[in-house]
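# Working through the structure, step by step
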Number of protein chains: 2
Amino acid sequence: MMAWQDNVRNVVPYEPGEQPECKNIIKLNTNENPYPPTDKVKNAIKNFDTDTLRLYPNPKAADLVRALADYYQVEEEEVFVGVGSDDVIGMAFLTFFNSNKPILFPDITYSFYSVWADLYQIPYERPPLDDNFKLVKEDYYKENGGIIIPNPNAPTAVYENLSVIEDIISHNRDVVVIIDEAYIDFAGKSSGELISKYDNLLVVQTYSKSRSMAGIRIGYAMGNKQLIHYLNAVKNSYNSYTMNRTAITAGVASLQDKEYFEFMIDKVIHTRERIKKELSQLGFTFTDSQANFIFASHRKVLAKDIFEALRKEEIYVRYFDSKRIDNYLRISIGTDQEMDLFIKALKQYLNM
Amino acid sequence: MMAWQDNVRNVVPYEPGEQPECKNIIKLNTNENPYPPTDKVKNAIKNFDTDTLRLYPNPKAADLVRALADYYQVEEEEVFVGVGSDDVIGMAFLTFFNSNKPILFPDITYSFYSVWADLYQIPYERPPLDDNFKLVKEDYYKENGGIIIPNPNAPTAVYENLSVIEDIISHNRDVVVIIDEAYIDFAGKSSGELISKYDNLLVVQTYSKSRSMAGIRIGYAMGNKQLIHYLNAVKNSYNSYTMNRTAITAGVASLQDKEYFEFMIDKVIHTRERIKKELSQLGFTFTDSQANFIFASHRKVLAKDIFEALRKEEIYVRYFDSKRIDNYLRISIGTDQEMDLFIKALKQYLNM
């Protein structure tokens with residue numbers, strides 16, 4: 001033990017899904033989109049003027065903020081951008097969750113929430129979801145230091161109607177409520193429409209799933225101007241230039257092709273619904289997934305055994321060895337061809 | 001005042017140099033490199049496969065870490081990468097400076113250090129530099145919670161010999177000492193050679209200055225494996241994927257052209273030395289700059305007046321309205337042509 005270790009922050013980091021390097025695997029474990037981004041992104045990168053790299057990017061990533069504001073029909077001052085939604089949410093925890101009261105989020109949810117809380121020494125409580133993995137909204141009526149809820153939730157894939165979300169926000173006007181909508185484009189209505197009504201609401205979305213750009217690292221938040229102002233103040237107290245020039249350029253280009261975006265999402269949803277039927281026939285039960293993944297459990301065979309059997313076939317899905325969900329698999333939606341191979345491997349393993 | 005504002009973190013953000021959007025200005029205010037990055041970077045971006053953007057980057061940015069380890073002849077486990085050196089140093093503050101004792105850094109230095117300390121509520125003291133803007137090493141012998149020293153310092157451009165740096169490190173084996181070497185490639189020996197000797201030393205460098213890539217956002221730290229391990233644990237408790245795929249690709253490519261790198265640095269240094277002579281003839285005094293900028297004061301005319309006069313000519317230099325340095329200008333080294341126009345404007349204003 002070296003003396004300087006006394007001052008080291010004690011953390012247990014988040015563990016992302018495996019990122020195997022080899023090419024011939026079927027990767028259904030990190031909820032990436034199986035389809036490439038629009039050709040507008042391809043052209044934007046191909047024509048990118050690398051001479052401009054000598055200069056710092058615009059510290060506000062103004063072009064990207066403007067493009068997002070236009071896209072969502074909000075003011076520029078209502079948009080914040082970061083290096084993936086993890087950066088956005090991490091920054092929001094640091095900015096808004098400075099109370100002695102616990103923040104609240106569901107017992108089953110994105111595992112990074114508790115990691116950020118631990119990192120910044122924020123107390124937290126985790127009200128349990130009900131037996132159908134739905135929110136119990138009354139659990140969020142108690143005094144707290146802030147709330148974060150993902151909608152749709154991960155890894156459960158359950159989408160809550162806006163009325164439930166709004167009920168929780170309206171019962172908590174004295175704290176900031178973050179709605180993490182990483183998967184919203186595969187689901188239903190966004191709570192974005194509520195930001196003009198609730199000054200304590202921050203809605204976070206990402207390019208990583210529906211925009212097929214997990215590799216470019218862009219997340220963004222929408223909220224009232226004062227909320228975004230505070231978020232920018234903390235961001236600018238950490239790093240003036242978080243968004244690099246290629247990300248800004250590619251991020252703007254992605255928004256310019258709504259047609260492809262909608263086509264691709266429909267395609268993923270179509271595959272998801274087909275796979276639900278196939279899984280059902282193979283003896284799986286699952287929530288009514290409204291995301292780009294399915295959260296499934298087999299009636300007879302242990303999830304962990306299926307996970308390991310698939311892994312041997314170089315098919316990677318996600319397994320969480322955690323309370324209440326240790327008999328579930330989280331299966332990202334791949335291409336139709338990948339999903340056919342996945343179903344084939346399942347049939348073989350299950351002797352069906 | 002809204003109730004949720006009670007829980008907001010109170011900060012005063014760092015203010016970067018102006019980034020005017022117009023093209024026809026002479027921008028000598030943010031220490032950017034006037035020359036573009038190597039053609040290897042240009043080709044890497046041009047040939048970048050945007051289809052891969054659908055996938056998350058490698059969470060360890062392994063290709064970049066490996067390339068840096070090779071370049072500096074250290075182990076991969078001795079290298080940490082981040083979104084510019086601001087991200088690296090901000091993360092290091094959060095990781096290593098968790099003591100009740102104050103951390104130490106010079107009174108005149110990079111203004112982000114106090115911003116990070118305030119953000120994370122770390123106490124700090126700022127021992128004054130001597131009248132020549134040199135470190136007083138004995139000031140760093142007192143008990144403290146950690147030390148950060150830039151070498152060369154900014155905005156003073158003063159480089160300290162490694163013996164001074166090593167003296168401070170060796171007197172502080174019980175805390176982490178960060179040497180911020182953003183400008184080292186324009187100066188002398190790096191303290192990187194000391195990391196194998198001192199397990200409490202973290203050396204931070206950046207692509208933003210000498211590698212002409214401020215726009216790609218890459219910084220890195222070198223230190224012993226245990227130090228890097230802790231830094232990664234905190235980074236992975238904040239954001240698994242900080243480095244996007246284009247940054248990793250461009251960052252690796254930049255390291256493959258040592259010839260151009262050295263040529264370009266020589267060029268900047270050559271211009272710097274020429275401008276020193278010119279400034280001297282115009283009545284300026286300055287430190288013996290070992291960076292890509294000059295920190296200068298005029299014998300007769302106020303820095304602020306010169307700053308404003310240059311600004312009217314669309315020549316941007318940096319002026320800090322701070323104690324001890326409010327009669328200095330920080331002038332980044334541009335191309336020879338830009339510097340000629342700068343000198344010409346100065347001559348006109350000074351009637352010389």
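These numbers come from a predicted model, not from an experiment.

### Comments concerning the overall build of chain A
Broken down by element type, chain A carries ten helices and 13 strands. For 352 residues, the compact-globule estimate of 2.2 N^0.38 gives 20 Å, and chain A sits close to it at 21 Å. Projected onto its principal axes, the C-alpha positions of chain A cover 60 × 55 × 55 Å. Considering chain A as a whole, with its 352 residues, one finds that 64% of them fall into the buried category. As displayed, chain A has an accessible area near 13800 Å², and 45% of this comes from carbon and sulfur atoms. Positive and negative side-chain charges of chain A, numbering 40 and 49 respectively, have mean locations separated by a distance of 3 Å.

### Some words on the sheet that holds strand S10 (residues 293-298) of chain A
Paired through backbone hydrogen bonds, the strands of a sheet run either parallel or antiparallel to each other. All names here are of chain A. Spatial ordering of the open sheet is given by S9-S10-S13-S12, a layout of four strands whose pairing is antiparallel. Of all the strands in the sheet, just strand S9 (284-286) and strand S12 (318-319) have a single pairing partner and so form its edges. Two strands pair when backbone bridges link them, and S12 and strand S13 (residues 329-332) are joined in this way by two bridges, in the antiparallel orientation. Considered in S13, the bridge of Arg-318 is made with Arg-330.

### Describing the UniProt feature "modified residue: N6-(pyridoxal phosphate)lysine" (unreviewed entry) in chain A
Under the present numbering, the feature "modified residue: N6-(pyridoxal phosphate)lysine" (unreviewed entry) in UniProt falls on Lys-209 of chain A. Tracing the backbone through its elements, the reader meets Lys-209 of chain A in the loop between strand S7 (201-206) and strand S8 (219-222). Among the residues examined, Lys-209 of chain A registers a relative accessible area of 7% and is labelled buried. Setting aside its immediate chain neighbours within four residues, Lys-209 of chain A contacts Thr-30, Asn-31, Asn-33, Ala-182, Tyr-183, Phe-186 and Asn-292 of chain A together with Tyr-56 of chain B.

### Remarks on the side chain of Thr-109 of chain A
Residue and element names in this part refer to chain A. Along the polypeptide, Thr-109 turns up in the loop between strand S3 (103-104) and helix H4 (112-119). In terms of polar contacts, Thr-109 uses its side chain to reach the side chain of Asn-153, at 3.0 Å. In this view, Thr-109 contacts Arg-126, Pro-150, Asn-153, Ala-154 and Pro-155; residues no more than four positions away in its chain are not counted.

### Here's the deal with the packing of aromatic side chains
This structure, assessed with the given rule, holds 44 aromatic pairs over all chains. Note on Tyr-110 of chain B and Trp-116 of chain B: the rings are 6.2 Å apart at their centroids and 75 degrees apart in plane angle, and the pair reads as edge-to-face. Taken together, a centroid distance of 5.4 Å and an interplanar angle of 70 degrees make the contact between Phe-133 of chain B and Tyr-328 of chain B edge-to-face. With a gap of 195 residues between them, Phe-133 of chain B in the loop between strand S4 (124-125) and strand S5 (147-150) and Tyr-328 of chain B in the loop between strand S12 (318-319) and strand S13 (329-332) connect regions that are remote in the sequence. Of the two residues, Phe-133 of chain B and Tyr-328 of chain B, neither departs from the other in class, the shared state being buried. Ring-pair connections join several aromatic residues into one group, and the members of that group are Tyr-14, Phe-93, Phe-97, Phe-105, Tyr-110, Phe-112, Tyr-113, Trp-116 and Tyr-124 of chain A. The ring of Phe-293 of chain B is capped by Arg-330 of chain B, whose NZ or CZ atom sits 5.8 Å from the centre of that ring.

### Section: the relation of the copies chain A and chain B
Rotating chain A by 180 degrees about the axis while translating it 0.0 Å along that axis superimposes it on chain B, leaving an RMSD of 0.0 Å. Each copy turns onto its partner about a two-fold axis. Taking the C-alpha atom as reference, chain A places Lys-46 of chain A closest to the rotation axis, 2.4 Å from it. Comparing interface residues between copies, 100% of those in chain A also lie at the interface in chain B; the contact surface is shared.

### A word on the nonpolar core
If you look at the biggest cluster of nonpolar residues, it comprises 140 residues, and the most contacted ones within it are Leu-64, Leu-279 and Phe-342 of chain A together with Leu-64 of chain B. Beyond its immediate sequence surroundings of up to four residues, Phe-342 of chain A is in contact with Leu-28, Leu-279, Leu-310, Ile-315, Val-317 and Ile-331 of chain A. With 74 residues, the next largest nonpolar core counts Ile-228 of chain A together with Tyr-113, Ala-117 and Ile-228 of chain B among its residues.

### Remarks on the interface of chain A and chain B
Many authors give the size of an interface as the accessible area that is lost as the parts come together. With 85 residues of chain A at the contact, the number on the chain B side is 85 residues. Of the roughly 7200 Å² buried between chain A and chain B on both sides combined, carbon and sulfur atoms contribute 57%. Linking chain A with chain B are zero salt bridges. Sorting the residues of the side of chain A that touches chain B by element identifies helix H1 (39-46), helix H3 (84-96), H4, helix H6 (225-235) and helix H7 (245-254) of chain A as the ones contributing at least two each. Tallying contributions element by element places H3 of chain A first for the side of chain A that touches chain B, with seven residues. Within the side of chain A that touches chain B, the residues separate by chemical class into 44 nonpolar, 26 polar and 15 charged.

### Details of the pairing of strand S2 (residues 79-82) of chain A
All names here are of chain A. Residue alternation in S2 divides its side chains into two sets, Val-79 and Val-81 and Phe-80 and Gly-82, and both sets are buried. Where S2 lies against S8, four bridges are found, and the strand directions are antiparallel. Counted as the bridge partner of Gly-82 is Gly-219 from S8.

### Some details on H1 of chain A
Those residues of H1 of chain A lying buried are Val-41, Ala-44 and Ile-45 of chain A. Looking down the long axis of H1 of chain A, one finds its buried residues gathered within 95 degrees of arc, a one-sided arrangement. Lining the buried residues of H1 of chain A we find H7 of chain A together with helix H1 (39-46) and helix H7 (245-254) of chain B. The N-cap of H1 of chain A, judged by a side-chain oxygen 2.9 Å from the amide nitrogen of Lys-40 of chain A a few residues on, is Thr-38 of chain A.

Scoring rules and cut-offs
- Residues numbered from 1 in each chain as written.
- Chains lettered and ligands numbered in written order.
- Predicted model: local features only at pLDDT ≥ 70, side-chain atom pairs only at ≥ 80, totals over all residues.
- Heavy atoms only, no water.
- Helix = DSSP H or I, 4+ residues; strand = E, 2+ residues; numbered from the N terminus.
- Rg over C-alpha atoms; globule rule 2.2 N^0.38 Å.
- Buried < 20%, exposed > 50% of the residue type's maximum accessible area, 1.4 Å probe, protein only.
- Areas by Shrake-Rupley, 256 points an atom, 1.4 Å probe, with all protein chains shown as cover.
- Lys, Arg positive; Asp, Glu negative; His and termini not counted.
- Charge placed at Lys NZ, Arg CZ, Asp CG, Glu CD.
- Pairing = 2+ DSSP bridges.
- UniProt positions renumbered as here; feature names shortened; annotations may be inferred.
- Contact = heavy atoms within 4.5 Å.
- Polar contact = N/O pair within 3.5 Å; in protein donor to acceptor, adjacent residues only side chain to side chain.
- Phe/Tyr/Trp six-rings, centres within 6.5 Å; stacked < 30°, edge-to-face > 60°.
- Lys NZ or Arg CZ within 6 Å of the ring centre and 35° of its normal.
- Least-squares fit on C-alpha atoms with pLDDT ≥ 70 in both.
- Core = buried A, V, L, I, M, F, W, Y, C linked by side-chain atoms within 4.5 Å.
- Buried area = accessible area lost by both parts, 1.4 Å probe.
- Salt bridge = Lys/Arg side-chain N within 4 Å of Asp/Glu carboxyl O.
- Nonpolar A, V, L, I, M, F, W, Y, C, P; charged D, E, K, R; others polar.
- Arc of directions from axis to C-beta.

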